[in-house]
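Secondary and tertiary structure notes
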Amino acid sequence: MSLKPFDIEVDAPGDELMEIARRELRETPEMRAQAVEELRALLREAKDMHFSEEEAFLLIFLRPCHFYAESALKMMRRIAEFKKTNHPLLHALKPEEEKLAFVEHNVVNVLTNRDQKGRRVLLVNCGAAWDPKAVSSEQLFRVFFLIHLVAQLEPATQINGVVVVLDFDGLSLKQVKALSPSFSKRLITFIQDAMPLRLKEVHILKQPYIFNMVWALFKPFIREKLKSRLEFINSENEAAPK
């Protein structure tokens, strides 16, 4: 189903989607009820965090953790720590303040339709289409953060996951300079430790030779789980970065 721009799907999962959740996430009505109560109990014991105990909210963290309540609590703690560490960047984040960067610049886009496996698809133009003077790397990260907040509200996205496509066509030094070591570390930390979404695939397109400079910044922070989800697709028939 194709949605209008900025629409989200909040309908309860149907039988087909729940079968995927059962098969891939261990989700059954019994397991869901048990895990929700376990996570509520753990949150009440955790005096250093304050999260909602509503079931719909807790499912955001239980689904990517395959309904292991302790794992979900650890994820919630990592998210809280990430937001604390990046407080100046993320404090009082408002969609209307980032709307210009999202709507009027061809940098970030979310497809209105899902892929063949029911996953949300995020497109990011990291090359010539991105003018860092118009959209700074900090703004780019805030847009990513807002998109993930919206995506995690969709039960279908919680279950099926997301796919990211990074297009580096026309990458030049001005984009490389904007992709600083601090930005690279923040983004990879967010993806690996503080994003309660199932990141299924990351496709990296059209990397020119200068992309090796970017890859050298990101590579030290990437763990094996994320590395296994990366696919390099190069129209210039060059070897993929190692």
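Conventions used here
- Residues numbered from 1 in each chain as written.
- Predicted model: local features only at pLDDT ≥ 70, side-chain atom pairs only at ≥ 80, totals over all residues.
- Heavy atoms only, no water.
- Helix = DSSP H or I, 4+ residues; strand = E, 2+ residues; numbered from the N terminus.
- Expected span 1.5 Å × (residues − 1).
- Buried < 20%, exposed > 50% of the residue type's maximum accessible area, 1.4 Å probe, protein only.
- Phe/Tyr/Trp six-rings, centres within 6.5 Å; stacked < 30°, edge-to-face > 60°.
- Lys NZ or Arg CZ within 6 Å of the ring centre and 35° of its normal.
- Contact = heavy atoms within 4.5 Å.
- Domains from an automatic or database assignment.
- Buried area = accessible area lost by both parts, 1.4 Å probe.
- Salt bridge = Lys/Arg side-chain N within 4 Å of Asp/Glu carboxyl O.
- Polar contact = N/O pair within 3.5 Å; in protein donor to acceptor, adjacent residues only side chain to side chain.
- Nonpolar A, V, L, I, M, F, W, Y, C, P; charged D, E, K, R; others polar.

In the annotation of an unreviewed UniProt entry, the protein is listed under the name CRAL-TRIO domain-containing protein and assigned to Anopheles melas.

Right, let's talk about helix H4 (residues 69–85) for a bit. Note that an α-helix has 3.6 residues per turn; residues three or four places apart therefore point the same way. The end-to-end C-alpha distance of H4, which contains 17 residues, comes to 24 Å, matching closely the 24 Å that a straight helix rising 1.5 Å per residue would cover. All of the buried residues along H4 are Ala69, Ala72, Leu73, Met75, Met76, Ile79 and Phe82.

For the rest of this paragraph, the subject is the packing of aromatic side chains. Across all of its chains, the model carries twelve aromatic pairs by this definition. The interplanar angle of 65° and the centroid separation of 5.0 Å between the aromatic rings of Phe57 and Phe61 together place this pair among those described as edge-to-face. Here the residue Phe57 and the residue Phe61 both occupy positions in helix H3 (residues 55–62), the gap between them amounting to four residues, near one helical turn. Looking at Phe61, the relative accessible area reads 4%, which means it is buried. For the pair Phe168 and Phe211, a centre-to-centre distance of 4.7 Å together with 65° between the ring planes defines the contact as edge-to-face. Placement of the pair is Phe168 in the loop between strand S3 (162–167) and helix H9 (173–178) and Phe211 in helix H11 (residues 211–218), with a sequence separation of 43 residues. A relative accessible area of 5% places Phe168 in the buried class. Among the aromatic residues, those joined into a cluster by ring pairs are Phe82, Phe141, Phe145 and Phe190. Arg26 extends its terminal NZ or CZ atom over the ring of Tyr68, reaching a point 3.9 Å from the ring centre. A cation over an aromatic ring shows up here: Arg186 above the ring of Phe141, its NZ or CZ 5.8 Å from the ring centre.

Turning next to the side chain of Ser184. Topologically, Ser184 is positioned in helix H10 (residues 181–193). What makes Ser184 buried here is its relative accessible area of 0%. Filtering out sequence-adjacent residues up to four positions away, Ser184 remains in contact with Leu179, Leu217, Phe218 and Phe221.

Let us look at the domain arrangement of the protein. The domain architecture assigned to the protein consists of domain 1 (15–86) and domain 2 (95–233). Computed over C-alpha atoms, the centres of domain 1 and domain 2 are 25 Å apart. With 17 residues of domain 1 at the interface, the matching set in domain 2 holds 16 residues. In total, about 1,400 Å² of surface goes out of reach between domain 1 and domain 2, with carbon and sulfur atoms giving 69% of it. When the buried area of domain 1 at its contact with domain 2 is split by residue, Leu17, Ile60 and Phe82 rank highest and sum to 39% of it. For the interface between domain 1 and domain 2, the tally reads one salt bridge. The partner of Arg198 in a salt bridge is Glu24, with the nearest N and O atoms 3.0 Å apart. The interface formed by domain 1 and domain 2 includes four residue pairs in polar contact (both at pLDDT 80 or more). Secondary-structure elements contributing two or more residues to the side of domain 1 that touches domain 2 are helix H1 (15–25), H3 and H4. If one sorts the elements of the side of domain 1 that touches domain 2 by residue count, H1 sits on top with six residues. When its residues are assigned to classes, the side of domain 1 that touches domain 2 shows twelve nonpolar, one polar and four charged.

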